[in-house]
Amino acid sequence: MTVAVDQMKCACESCVCIVKPETAIQKNGKYYCSETCANGHPDGSGCGHTGCDCHS
Ligand SMILES: [Zn+2]
Ligand SMILES: [Zn+2]
Ligand SMILES: [Zn+2]
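Numbers given for residues are sequential positions, taken from 1 along each chain in its written order. Chain letters and ligand numbers both follow the written order, the letters beginning at A and the numbers at 1. Reporting of local features is limited, given that this is a predicted model, to residues whose pLDDT is at least 70; pairs of side-chain atoms are given and counted only at 80 or more, and all residues count toward the totals for whole chains, interfaces and linings. The side-chain figures draw on all heavy atoms in the structure; neither hydrogens nor water molecules are used.

Caption draft 1: Molecular detail of the coordination of the zinc ion (ligand 2). Protein coordination of the zinc ion (ligand 2) is provided by Cys-10 (SG), Cys-15 (SG), Cys-33 (SG) and Cys-37 (SG), with donor distances spanning 2.3 to 2.4 Å. Metal-centred angles of 104 to 115° between the 4 donor atoms at the zinc ion (ligand 2) mark the site as tetrahedral. The donor set covers N, O and S atoms within 2.8 Å of the metal, switching to 3.2 Å for Na, K and Ca, and it leaves out water, so a site may look short of donors. Donor residues for the zinc ion (ligand 2) sit on one chain with the sequence pattern C-x4-C-x17-C-x3-C. The distance between the zinc ion (ligand 2) and the zinc ion (ligand 1) is 3.5 Å, with Cys-15 acting as a donor to both metals. Angle rules define the geometry names used: all angles between 85 and 135 degrees makes four donors tetrahedral, while opposite donors over 155 degrees apart and all other angles between 65 and 115 make four donors square planar and six octahedral, leaving every other case irregular.

Next up, the structure:
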């Protein structure tokens, strides 16, 4: 029996968003809250979630 982890932090370093594996954007085995985070903030904008100002 495996333990299901149903909540985890977005893999983006500066992001504080919590994501669920079933709804997260999955990339390279990591989970992200948004396409923007998954792509490493290519245009320098944040994920757009309230209270989070990650960007990079
Ligand atoms: Zn974020
Ligand atoms: Zn994120
Ligand atoms: Zn991010």
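On we go.
Caption draft 2: Highlighting the coordination of the zinc ion (ligand 3). Within the first shell, the zinc ion (ligand 3) binds the protein through Cys-12 (SG), Cys-37 (SG), His-41 (NE2) and Cys-54 (SG), at distances of 2.2 to 2.5 Å. Geometry at the zinc ion (ligand 3) is tetrahedral, judged from the 4 donor atoms that bind it and their angles of 94 to 120° at the metal. When the donors of the zinc ion (ligand 3) are listed by position in the chain, the intervening gaps give C-x24-C-x3-H-x12-C. Between the zinc ion (ligand 3) and the zinc ion (ligand 1), a spacing of 4.0 Å is present, and a bridge between the two is formed by Cys-54. One end of the pair, Cys-12, is in the loop between strand 1 (8–9) and strand 2 (18–19); the other, His-41, is in the segment after helix 1 (35–38), and 29 residues separate them in sequence. Relative accessibility decides the category of a residue: with a 1.4 Å probe and only protein chains considered, values under 20% of the type maximum give buried, values over 50% give exposed, and everything between is partly exposed. You can call Cys-12 buried: its relative accessible area is 10%. His-41 sits in the buried class, given a relative accessible area of 5%. Secondary structure follows DSSP: runs of H or I at least 4 residues long count as helices, runs of E at least 2 residues long count as strands, and numbering of each begins at the N terminus.

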